[in-house]
Every structure is written in structure tokens, then in C-alpha cells.
Protein chains: 4
Amino acid sequence: MSLRERKAAKKKEDILRSASLVISRNGYHNATMEDIAAELLMTKGALYYYFKNKEELLYSCHDLILSAAMEQVEAIFSEDLSSMEKMKKAVKTHLDIAIREKEVFNLIVKPEQLFSEENIEEIIQKRDQYAGIFDRIIAEGVKRGEFNVSDKKMARMIILGATNWVQVWYSQEGKFSKEKIEDIYAEYFLKMLA
Amino acid sequence: MSLRERKAAKKKEDILRSASLVISRNGYHNATMEDIAAELLMTKGALYYYFKNKEELLYSCHDLILSAAMEQVEAIFSEDLSSMEKMKKAVKTHLDIAIREKEVFNLIVKPEQLFSEENIEEIIQKRDQYAGIFDRIIAEGVKRGEFNVSDKKMARMIILGATNWVQVWYSQEGKFSKEKIEDIYAEYFLKMLA
Amino acid sequence: MSLRERKAAKKKEDILRSASLVISRNGYHNATMEDIAAELLMTKGALYYYFKNKEELLYSCHDLILSAAMEQVEAIFSEDLSSMEKMKKAVKTHLDIAIREKEVFNLIVKPEQLFSEENIEEIIQKRDQYAGIFDRIIAEGVKRGEFNVSDKKMARMIILGATNWVQVWYSQEGKFSKEKIEDIYAEYFLKMLA
Amino acid sequence: MSLRERKAAKKKEDILRSASLVISRNGYHNATMEDIAAELLMTKGALYYYFKNKEELLYSCHDLILSAAMEQVEAIFSEDLSSMEKMKKAVKTHLDIAIREKEVFNLIVKPEQLFSEENIEEIIQKRDQYAGIFDRIIAEGVKRGEFNVSDKKMARMIILGATNWVQVWYSQEGKFSKEKIEDIYAEYFLKMLA
DNA sequence: GATGAATGAGAGTTCATTCAT
DNA sequence: TATGAATGAACTCTCATTCAT
């Protein structure tokens, strides 16, 4: 990658970060291109130099975070740990991202309403892929005799649902630290899976 | 209440129902005043006779559903049942509404972004009040020795979070019936609380 | 048609007239919705109450004129006249409209570049239909022995091409009156067809 | 002319050719600087090294073609031929260019709308000069007794109008070959002038 | 000479809201 | 009470043009 390309890539990342920020502040639907640009002291026109349109900018934003999350959780699955340990770490990772990326994470929620057909399929697929890692952890745990669940998929949905929800109510001012929350959530889930 | 007032109240309810429908169909941000009015064969101008503005219409919409939910869950709490039974019924009720009212239910999720200061406080308060009933069920269960949890509030958050999340992925075509989902969810939660 | 409807229809016509005017003044591509609205002391937003979008407004504009032209020329064809008389009158009518509606008439020229697939077919069809009347006049003249042409279609193309071109150079200030132009054109064409 | 200047002149020609191509493909108003540059694997910024702005580029484009046409038709006029032969050849040449340069040729149509005062005068003048050659052919033919027309200018306008119009409907797929069209047009015109 | 990047003005479009009738 | 009509602000997107490097 040439210097130019690296610079451009960096700029794209900056824009994505700015977009994430604005989305977090104003919510997805009130995040205008103007806002996103202003955050970087650019004009909105410049954004179109890097992204075809708003949808693609937002799509990239979403993709960036989901890809990172996937990488991390996949790595955890590959570690040499008990299934309970894996789940504990995976939940913590997921919570960590869900809290940190609050709003952007939310784009995953209703992609059908935000994205057009071009992108929607890839999004759904990636989302399923991500959820699939949790399924594999659970399945492995059941096989190893660590977990005992009546329905694996439903268990995963409860886990991801509850953790996704965290970003709805979580705020720095809350009485619980992020670490504390992560511990308690993991504990409850393991109890549920046991 | 005079006849005129009763007529107006009825019309308001009609509008709210229409709004719920449109929101469920198009998603919150794509529900225009025009759409809502069209559903009732009115013109959008008429809506302003009954509601000050869009926010208030949406607020009422949200309030209607939350109030109904509260009433039902409160009733369950007052019944003469074991805490486990109460929780099971409450979860089922909550799931039932979350699935049926999909989108409108979502207004609860990010009220800060949708409503202005005037309404926001009341919404948060009502939401907390609703969550409080679940807190009371858990507290009662702990006192009675039915439940055994390390942190009550967190347990409630997991339960409501997971159930709220249902509407994100649930769709009639899914392989699980609503009843089946309700049973499994209740089972997992009770295991978690035990 | 109710009073309301008639009022709306009248307004639509006003807009069309205004659009024609602005197009004539600024040229097709520089005629903005703002300009068209300003001409009527409206705001551009109001135009969207009457027309779905700019294309449809322009399409209606074009359709109005072409339809009127068609009606007139069709009537001439039905008259009890010699083919030469018919052609003379048809050419005059065509020239009359081409001169009066200068710019709007030009929309017919390159519809492929201005209109989307939805409208394009209908436009082409109508245009062909209009040209068809001239074809019929020529064919009739040939059958009656009044005209003597090697290729009917090509003759029509020359006639319509030359008359369409009039609006390119014609301007009130020119040394020829409209009537004079019409006479000379007709004379030349008849000589060509003889 | 220095080497440098010659190089620049060559590049200018390349750009003009590219511009013609893009205009022909997309139509005048949809030909962006970006498109024109891309055709030459340049960036649009570079175009501004050779041309002051878009208008001047387009002006040059137009000028190039008109100049070439003028040269050819002027040469025909100077040949030792009957007026009828001259007109036949001139018409064929004109048709040839009109068909080949379709869109660019169209710039001539409404120069008032495309060019600013700076260029407009020169364009009109050149256009009149070009038309003048046809006038001279006709005048010569009249003097020689080959042609018999009531109004020379009008005759020329019909001829150029009809031929200009060709590019509106002509397309390779048509049932007539370019040669056939040229023959028929010439035949009709000569009949008209006779 | 040429590029990548940015600007800024303006276009079309949408929609909550208002108001005379 | 309700409607038709209009407003105005906001938004996405485009493109000719500029300029440091």
C-alpha cells in the first residue's frame, strides 16, 4: 500500500469514527452527513469523495465493528479453554463492544429498515455468522457435558438479546462498573446453561 | 364526560391504533403523518385537531401500550401464586406484547432520541415503574426462598433485555410458535433465578 | 368535476404554463423547480403537491402540447380537402406550434436523455402517432396521384425536421413574419412532394 | 511552435476528442468533467491546465467540428461542378458530420443557453459563415439557371434544418444506410430547388 | 504538468406544521 | 371538525472549480 493509499484509508477510518460518534450522540436517523463532516472539520461534499452515499458510509461503519467483534470472539473459540470459560470471555467481549459502541451496534438491530437490498444480504449473513460462533460454543459445551440446555438456539438468543440490551440502559453514571456488569452477566448465563 | 368528549376520545384511540399499525409496518422513522392519516381515510391536517404534534401522538401511542402492559403485570403480581408462577406469567405477558406490538414497543428503547424533555421524564418514570413490578416479583421470590440471585436488579435487566430483544428476530414464519418461545424463555429464566 | 377539482386542474395548468415559460427562458436543463414555482409566487415545495417530481411535471408539459398538436392535425386530415391542401394546413399548424412553444417543443427532441423508462415509451409512441398523421396525408396524396415521392417516410422526416428546426433560428425580430414563413415552407414542401 | 507547445496542442486535441465521445454517449448535459477526464485516464483537475473552464472546453469542441465542416464544404464550393452537384455533395458532407458527431453537433443548436457572451458572438458568426456557403451555392445555382427558388435564405434553412434533424432520429439500427439517406435527401432537395 | 483532496453553491425532494375555508 | 393547499426548513447528493504538493 502506497503512502497515498494509506492516507486515504486512514481518512476513511477517521470518517467512520466520526460517524460512529455522531450516531451515538444524535441517534442513527438524526445523524446527517453535515454533522458527520463537521465533526472532522470537513464539508459534507468531501464525504462523497470517500463514500458513495450515506448508506454505504453507515454500512462500512457497521461492518467495521461487527468484523472486529467477530475476530475477537472467533479467537476466543479457538483457545484451549473449557466451554464455560469460553462463554464467559465471549460474553464479556460482546458486552464490552456493545457498551463502547452503543449506537453503532444498534444498526444491527433493524437492518431491513436502514439498508437497501444491495447490502442487506451481506449484513444478515455476517450477523448470522457472528451469532453462529456463540452457537458453536454452546454446542461444544453440551457435547463436553459442561452445558445442559433444552434448546441451544434459544439459549443463544437469550444471551445475545440480554447483552445487546445493555446499551439501552447502560451509562457511565450507573452504579455498576463495566467489569462488574460483565461478571454478573456471565455468572447468570452460566447458571442458565449449567 | 360529554358526548362530544367521548366521541373525541374514541377518535383519539382510533388514531393511536392506526399509528401503531403504520409504525409496525414501516418502522418508526418512516411513519409519516400522512401515512397515519391515510390509514383512517383522514387527511393529516385533521390529526392536529386531536394531537398537538407528531411527538405527542407518538407519545400517546407508547403510553397506551405501556399502561396496558403495566396493568396486566401488576394484576399478575397481585395474584395468589408462587413467585415462580408469577414470573412465568409475567414473562409470557411481556413477550406477548413485545411480539404483538413489535415496533411501537421499540419506542421505549430510545426515548431520549425521540422525545423532547417535556415527555421524556414521564416516559422514563413509567418505564421504571413497569420494570419495578418485575423487581418486586424477584424480591418476593428471594424472600420466600424460591429464588436465589446475587443481584436482583441485574437479573431483571437480563430478563427484560432478552424478552425485549425477541421482537428483533421474531417473525411469524419462524420455526417456533409464540407459545413455545414463551415456555422456553420462562424455563431458562427460572433456571437462572433458582 | 367538482369546484375543488376544477380549481386543482386549473392550478396544474398554471404550473404547466409557468414551466413552459421558464423552460423557454432558461432552457430545459436550467429550469429549476424553484424558478418554476417563483414564476407563480409559490414555493417549490408546493409543486410537489401537484406533481410527483420534476420529470412528471415536464412530462405533463410536453404531453399537453403534443396532444393539442395531434388533435389539430388529426382534424385537418379528416377534412374534405385535397392532399396538397391538407399538407399545407398541417405544416402551418405544426410551424405555428413549433414557433409558439419553442422550448417545450424541444423536449420531444431527445426524450431518451430526459425521461426515465416509465414515461419514455409513451412519449415515443405519441410522437410516432403524431408523425403518423403526416405519413397518412402523404400516403393519401400518393394514392390520389397528387404526390409523387420515392420514399414516403423520408419525405415526412424532411418536412418535420425542417419545421422543427424553425424554432432554433426563429425570433420575433426576424425579417419574416410567421405567416410568410408558413407560406414559403408550404410552397417548398409541396414542390418537393409533387 | 516549440516542442512543448506542440505537445500541449496534441493533448488539447486528445481532450477534445474525448469530450466529443463522452458528449455523444451521455448527452451534453450529462457529460461531466470527470467523465471526460476518465476517458483519457486523466483526472479532471488536469483538464484545467489546458482549458480555462468547462465552457471553453466545450466551445473548442464545437469549434473544431464546425471548422472542419466549413473547410470541407468550402472546398466543395470551389470545385468545378454544376450547382446541383455541389449541393448534392455539400448535403452529403453535412449529413455525414451530423450523423457522426450527433451530440456535439447539437451544441450548435442552442448556443445562447450554453455559452456566455464571451463566446457566443463568435459562435453565431461562424455558424452564419457556414450557412453562408450553402447560400452561395444556391445563389450560384439560381444565377446559372439550375435552381429556381422564390426565397434563397428560406430554402437554405429548410435544407440545413432537415439535415440537422437527422441526428435526432438516426441510429445505426435504422433500416436506412447512411449512404441511402444521403441519396434520398439530396434527391428531395434538388427537386425542391429545381 | 498532474493528482488527490476539498470546497461550496445549488439542485431535487420530503415532511411536519399551519391555516383559511 | 375536517380539508386542501401551502410553507419552510432540512436533507441527500452532484459537480465545476481550486490548490497545495
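This is a predicted model, so every value here is computed, not measured. (Residues numbered from 1 in each chain as written. Chains lettered and ligands numbered in written order. Predicted model: local features only at pLDDT ≥ 70, side-chain atom pairs only at ≥ 80, totals over all residues. Heavy atoms only, no water.)

Asker: Explain the overall build of chain A to me, please; I cannot follow it from the model alone.
Answerer: Along chain A, the regular secondary structure elements total ten helices and zero strands. Reading the helices (α) and strands (β) of chain A from amino to carboxyl end gives α-α-α-α-α-α-α-α-α-α. Once the C-alpha set of chain A is aligned to its principal axes, its extents read approximately 55 × 40 × 35 Å. By the burial criterion, 48% of the 194 residues in chain A qualify as buried. Sequence separation of 24 or more characterises 66% of the internal contacts of chain A that already satisfy a separation of 6 or more. Approximately 9600 Å² of chain A is accessible, and the part contributed by carbon and sulfur atoms is 50%. In chain A, which carries 30 positive and 32 negative side-chain charges, the distance between the mean positions of the two groups comes to 2 Å. (Helix = DSSP H or I, 4+ residues; strand = E, 2+ residues; numbered from the N terminus. Buried < 20%, exposed > 50% of the residue type's maximum accessible area, 1.4 Å probe, protein only. Contact = heavy atoms within 4.5 Å. Areas by Shrake-Rupley, 256 points an atom, 1.4 Å probe, with all protein chains shown as cover. Lys, Arg positive; Asp, Glu negative; His and termini not counted. Charge placed at Lys NZ, Arg CZ, Asp CG, Glu CD.)

Asker: Honestly, the packing of helix H1 (residues 3–26) of chain C against helix H4 (residues 54–78) of chain C in this entry has me stumped. Any pointers?
Answerer: Helix packing for two helices is described by the angle between their axes and how far apart those axes are. Residues and elements named next belong to chain C. The contact between H1 and H4 brings their axes to 10 Å, and the two run at 90°. As judged from the angle between their axes, H1 and H4 are roughly perpendicular. Note on element contacts: H4 touches H1 through Leu 57, Leu 58, Ser 60, Cys 61 and Leu 64, opposite Ile 15, Leu 16, Ala 19, Ser 20 and Ile 23. Its residues assigned to classes, the contact of H1 with H4 comprises eight nonpolar, two polar and no charged. (Axes fitted to C-alpha atoms, helices over the stretch in contact; angles between N-to-C directions. Parallel < 35°, antiparallel > 145°, perpendicular 65-115°, else oblique. Nonpolar A, V, L, I, M, F, W, Y, C, P; charged D, E, K, R; others polar.)

Asker: Any chance you could explain the protein's contact with DNA strand E here in plain terms?
Answerer: Within the structure, DNA strand E sits among 30 residues, and A:Tyr50, C:Tyr48, C:Lys54, D:Arg4 and D:Tyr50 are positioned closest to it. Backbone atoms, meaning sugar and phosphate, form 74% of the atoms of DNA strand E found within 4 Å of the protein. C:Met33 is positioned with one of its backbone polar atoms (N or O) 3.0 Å from a phosphate oxygen of DNA strand E. Within the contact set of DNA strand E, a sugar or linking oxygen lies 3.3 Å away from a side-chain nitrogen or oxygen of D:Tyr49. Elements with a minimum of two residues in the surface near DNA strand E: helix H1 (3–26) and helix H3 (44–50) of chain A, helix H3 (44–50) of chain B, helix H3 (44–50) of chain C together with helix H3 (44–50) of chain D. Within the surface near DNA strand E, the residues separate by chemical class into 13 nonpolar, eight polar and nine charged. (Near = heavy atom within 4 Å. Polar contact = N/O pair within 3.5 Å; in protein donor to acceptor, adjacent residues only side chain to side chain.)

Asker: Sorry, what's going on with the relation of the copies chain D and chain C here?
Answerer: Taken together, a rotation about one axis and a shift along it account for how the two chain copies relate. Here chain D sits on chain C after a turn of 177° about the axis and a move of 0.0 Å along it, with an RMSD of 0.5 Å. Such a combination of turn and shift is consistent with a two-fold rotation axis. Across chain D, the smallest distance between a C-alpha and the rotation axis is recorded for D:Ala162, namely 1.9 Å. The share of interface residues of chain D whose copies in chain C are also at the interface is 95%, consistent with both copies meeting through the same surface. (Least-squares fit on C-alpha atoms with pLDDT ≥ 70 in both.)

Asker: Sorry, what's going on with the interface of chain B and chain A here?
Answerer: How big an interface is tends to be stated in terms of the accessible area lost upon association of its parts. Listed per partner, the contact involves 39 residues of chain B and 39 residues of chain A. Approximately 3400 Å² of surface area, both sides summed, lies buried where chain B meets chain A, with 64% of it carried by carbon and sulfur atoms. If you sort the residues of chain B by the area they bury against chain A, B:Met154, B:Trp165 and B:Tyr188 come out on top, with a joint share of 22%. For the pair chain B and chain A, the number of links is zero salt bridges. (Buried area = accessible area lost by both parts, 1.4 Å probe. Salt bridge = Lys/Arg side-chain N within 4 Å of Asp/Glu carboxyl O.)

Asker: What is the right way to look at the protein's contact with DNA strand F in this model?
Answerer: The environment of DNA strand F is made up of 29 residues, and the closest members are A:Lys54, B:Tyr50, C:Thr43, C:Tyr50 and D:Lys54. Counting only the atoms of DNA strand F within 4 Å of the protein, the fraction contributed by sugar and phosphate is 73%. The contact in question runs from a phosphate oxygen of DNA strand F to an N or O atom on the backbone of D:Met33, over 3.0 Å. Those elements giving two or more residues to the surface near DNA strand F turn out to be H3 of chain A, H3 of chain B, H1 and H3 of chain C together with H3 of chain D. Classifying every residue of the surface near DNA strand F gives 14 nonpolar, eight polar and seven charged.

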